[in-house]
Amino acid sequence: MSDQQAGQQPYTPQPQNSGPFRAGDRVQLTGPKGKLNTITLEPGKVFHTHRGILEHDAIIGLPDGSVVSNNVGVEHLALRPLLSDFVMSMPRGAAIIYPKDAAQILSLADIFPGANVVEAGVGSGALSLWLLRAIGPAGTLRSFERRDEFADVARANAATFLGHDPENWTVTVGDLQDALPEAVEEQSVDRVVLDMLAPWECLDEVTAALKPGGVLLCYIATVTQLSRVAEAIRASGDYTHPQSSETMVRGWHVEGLAVRPDHRMIGHTGFLITARRLAPGSVLPELKRRPSKSDYSDDDVEAWTPGALGERQSSPKSLRKRVRAAAASAELSKARTAEAAAADDAAHEDDPTIN
């Protein structure tokens, strides 16, 4: 008689982001002065600091959130990195979307479990990890990236954090304009998130893919891009009036009566602009507002947003190094997951009372 027939839940291995530390786990160590170091646990290895050494074996087997001392008695707090910690320290092929912006994207784009989401470009995979977590195993994420190196880094970073290659995530290398119509059916996508230099260039393809009522969100870095994509959305006649915002986070020092803003803050990183797809044939009512102080033409918009928008390029040598680092980390994480699953299966076979 099976477990389900006996009224028991089927056995599944323990998630890798909880439980005692295991060999292969990434651990974030916080020293007495608040300095953070992230290590991957390996039996027999040691972590060196200028104030002693800490054996990996002393951490393996301890519960998450433990305090462990090194050979000279200096204490370190050991925690599994949160996703926000991981994306800030993972290998990068391109600049990442900061956690503060990722949180706003999940909210403003209304990413929900089971959603069919399109993302371009994938960069280093930071936003992809947030999207995968939000859509859950029932959702689908299709990511598009123009550069092979960035796609490789993104795949490796995802495998490192998750311990496996997500089955509901595909990364396509190529231009969104060409690849999207071949990858999805018309009006089949719930949400589209664009992090690219010129999102207005692929607006027609995105519009065709989005369901009526679906959300388009663009993450853009400069005011020139913000102006141009907003006018392109309005000119299409296929969307609601675009809404724009930016997010700035300022921490506070709170200790007794010493309460003040932190000296440093995460200021401007990018703009977010959102709009919702209208039903085909629908005409958006005009907003009743005062006329603009000045009219403009297409030439004015082009002058404000010249086509030669600069794109910072990483050197081939630097990209190759990042790809190797990400791939090595991914292989270690997947091997760790396979070993843990095999150990759990063996324990289940030895003790049939384990659910």
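The numbers attached to residues start from 1 for each chain and follow its sequence in the written order. Local features are withheld for residues below a pLDDT of 70 in this predicted model, meaning they are given only at 70 or higher, and side-chain atom pairs are given and counted only at 80 or more; totals for whole chains, interfaces and linings count all residues. The basis for the side-chain values is all heavy atoms of the structure; hydrogens and waters are excluded.

K.L.:
Explain the overall build of the chain to me, please; I cannot follow it from the model alone.
P.N.:
A count of helices and strands for the chain gives nine helices and 15 strands. Relative accessible area decides the class of each residue, using a 1.4 Å probe on protein chains only: under 20% of the type maximum gives buried, over 50% gives exposed, and in between gives partly exposed. Each of the 355 residues in the chain was classed as buried or not, and the buried ones make up 38%. We call two residues contacting when some pair of their heavy atoms lies within 4.5 Å. In the chain, once contacts between residues fewer than 6 apart in sequence are set aside, the share between residues at least 24 apart is 66%. Surface exposure here means Shrake-Rupley accessible area, sampled with a 1.4 Å probe, where a residue is shielded only by the protein chains that are shown. Element-wise, carbon and sulfur atoms account for 52% of the exposed surface of the chain, whose accessible area totals about 19,900 Å². In this description a helix means any DSSP run of H or I spanning at least four residues, a strand means any run of E spanning at least two, and both kinds are numbered starting from the N terminus.

K.L.:
What's the story with the pairing of strand E8 (residues 140–145) in this structure? I'm lost.
P.N.:
Looking down a regular strand, the side chains alternate between one sheet face and the other. In short, DSSP must find at least two bridges between two strands for them to pair. Where strand E7 (residues 116–120) meets E8, five bridges bridge the pair, whose relative direction is parallel. Bridge assignment links Glu-119 to a residue of E8, and that residue is Ser-143. In this region the chain leaves E7, passes through helix H3 (residues 126–135) and returns to the parallel neighbour E8; the handedness of that crossover is right-handed. Inspection of the sheet shows E8 paired to strand E9 (residues 169–173) by five bridges, in the parallel sense. What sits directly across from Ser-143, in E9, is Val-171. Viewed with both strands pointing away, a crossover whose connecting path from the first strand over the helix to the second turns clockwise is right-handed.

K.L.:
What am I meant to see in helix H5 (residues 176–183) here?
P.N.:
Two residues of an α-helix separated by three or four positions point the same way, owing to the 3.6 residues in each turn. What H5 keeps buried is the set Leu-176, Ala-179 and Leu-180. Projected onto a plane normal to the axis of H5, the buried residues spread over an arc of 105° and lie on a single side. Among the exposed residues of H5, those oriented more than 90 degrees off its buried face are Asp-178 and Glu-182. Its buried side turned inward, H5 meets E7, E8, E9, strand E10 (189–194) and helix H6 (203–209). The directions from the helix axis to the C-beta atoms form the arc being described.

K.L.:
I would appreciate a short explanation of helix H4 (residues 148–162) in the present structure.
P.N.:
Taking 1.5 Å of rise per residue, 15 residues should cover 21 Å, and H4 covers 21 Å from first to last C-alpha, within 8% of that figure. Listed as buried for H4 are Phe-150, Ala-151, Val-153, Ala-154, Ala-156, Asn-157, Ala-158, Ala-159, Thr-160 and Phe-161. Multiplying one less than the number of residues by 1.5 Å gives the expected span of a helix.

K.L.:
Quick question: what am I supposed to make of the sheet that holds strand E6 (residues 75–79) here?
P.N.:
Across a sheet, strands are paired by hydrogen bonds formed along the backbone, either parallel or antiparallel in direction. With respect to topology, four strands assemble into an open sheet ordered E2-E1-E6-E5, the strand pairing being antiparallel. At either end of the open sheet lies a strand with only one pairing partner, and these are strand E2 (36–40) and strand E5 (66–69). Direction aside, the axes of adjacent strands within the sheet are offset by 35° on average. Taken together, the four bridges between E5 and E6 define a ladder with antiparallel strand orientation. Bridging across to E6, Ser-66 finds its partner in Ala-78. Only the stretch in contact is used when a helix axis is fitted, and all axes are lines through C-alpha atoms; the angle between N-to-C directions ranges over 0 to 180 degrees.

K.L.:
Is there a simple way to think about a nonpolar patch on the surface in this case?
P.N.:
A cluster of nonpolar residues, Val-67, Leu-77 and Leu-79, forms a patch on the protein surface that exposes about 220 Å² of accessible area. Residue position: Val-67 is located in strand E5. Patch membership needs two things, relative accessible area over 30% and no salt bridge, and members are linked within 9 Å if like-charged or within 5 Å if nonpolar (Val, Leu, Ile, Met, Phe, Trp, Tyr). Should a side-chain nitrogen of Lys or Arg be within 4 Å of a carboxyl oxygen of Asp or Glu, the pair is scored as a salt bridge.

K.L.:
In this structure, what is going on with the sheet that holds E9? I would like to understand it.
P.N.:
The strand order across the open sheet formed by seven strands is E9-E8-E7-E10-E11-E15-E12, and the pairing between neighbours is mixed. Each edge of the sheet is formed by a strand with only one pairing partner; in this case those strands are E9 and strand E12 (243–246). Within this sheet the neighbouring strands show an average axis-to-axis angle of 15°, counted without direction. One ladder, built from six bridges, connects strand E11 (residues 210–220) with strand E15 (residues 271–276); its direction is antiparallel. Bridge pairing in E15 places Tyr-219 opposite Leu-272. The sheet strands contacting H3 are E7, E8, E9 and E10, and the helix crosses E8 at an angle near 165°.

K.L.:
I would appreciate a short explanation of the environment of Leu-36 in the present structure.
P.N.:
Considering the arrangement of structural elements, one finds Leu-36 in strand E2. Residues Leu-36 and His-76 lie 40 residues apart in sequence; the distance between their C-alpha atoms is 9.5 Å. Residues contacting Leu-36, with those up to four places away along its chain left out, are Gln-28, Leu-29 and Thr-30.

K.L.:
In this structure, what is going on with the side chain of Ser-66? I would like to understand it.
P.N.:
Relative to the elements of secondary structure, Ser-66 occurs in strand E5. Its relative accessible area of 13% is what places Ser-66 among the buried residues. From its side chain, Ser-66 meets the backbone oxygen of Pro-63 in a polar contact 2.6 Å long. Setting aside anything within four residues of it in sequence, one finds Ser-66 in contact with His-76, Leu-77 and Ala-78. Polar contact is defined as a pair of N or O atoms within 3.5 Å, subject to the rule that within protein one atom must be able to donate a hydrogen and the other to accept it, and that residues adjacent in sequence are counted only when both atoms are side-chain atoms.

K.L.:
Is there a simple way to think about the state of the cysteines in this case?
P.N.:
Where two cysteines share a covalent bond between their sulfur atoms, that bond is called a disulfide. Cysteine sulfur pairs qualify as disulfides if the two atoms are within 2.5 Å. Applying the stated criterion across every chain, the model contains zero disulfides. Note on Cys-202: no disulfide assigned, nearest cysteine sulfur contributed by Cys-218 at a separation of 7.6 Å. By relative accessible area, which is 1% here, Cys-202 ends up buried.

K.L.:
Can you walk me through the confidence of the model for the chain in this structure?
P.N.:
Note: predicted coordinates in regions of low pLDDT should not be interpreted at a detailed level. The pLDDT value expresses, per residue, how confident the predictor is, ranging between 0 and 100. For the chain, per-residue confidence averages 85 on the pLDDT scale, and 84% of positions sit at 70 or higher. This model gives residues 1–15 a pLDDT under 50, and the stretch forms 20 contacts once residues within four places in sequence are excluded.

K.L.:
Looking at this structure, I do not really get the nonpolar core. What am I missing?
P.N.:
Most often, soluble globular proteins have nonpolar side chains that are buried together. To qualify as a nonpolar core, a set must consist of buried Ala, Val, Leu, Ile, Met, Phe, Trp, Tyr and Cys residues joined through side-chain atoms within 4.5 Å. The biggest cluster of nonpolar side chains holds 33 residues, and the ones touching the most others in it are Val-87, Leu-127 and Trp-169. Element by element, the count of residues in this core is highest for H3, at eight residues. In this structure, Leu-127 is in contact with Ile-97, Ala-102, Ile-105, Glu-119 and Val-193, ignoring residues within four places of it in sequence. Grouped together as the second largest cluster of nonpolar side chains are 29 residues, Val-184, Val-189, Ala-198 and Phe-271 included.

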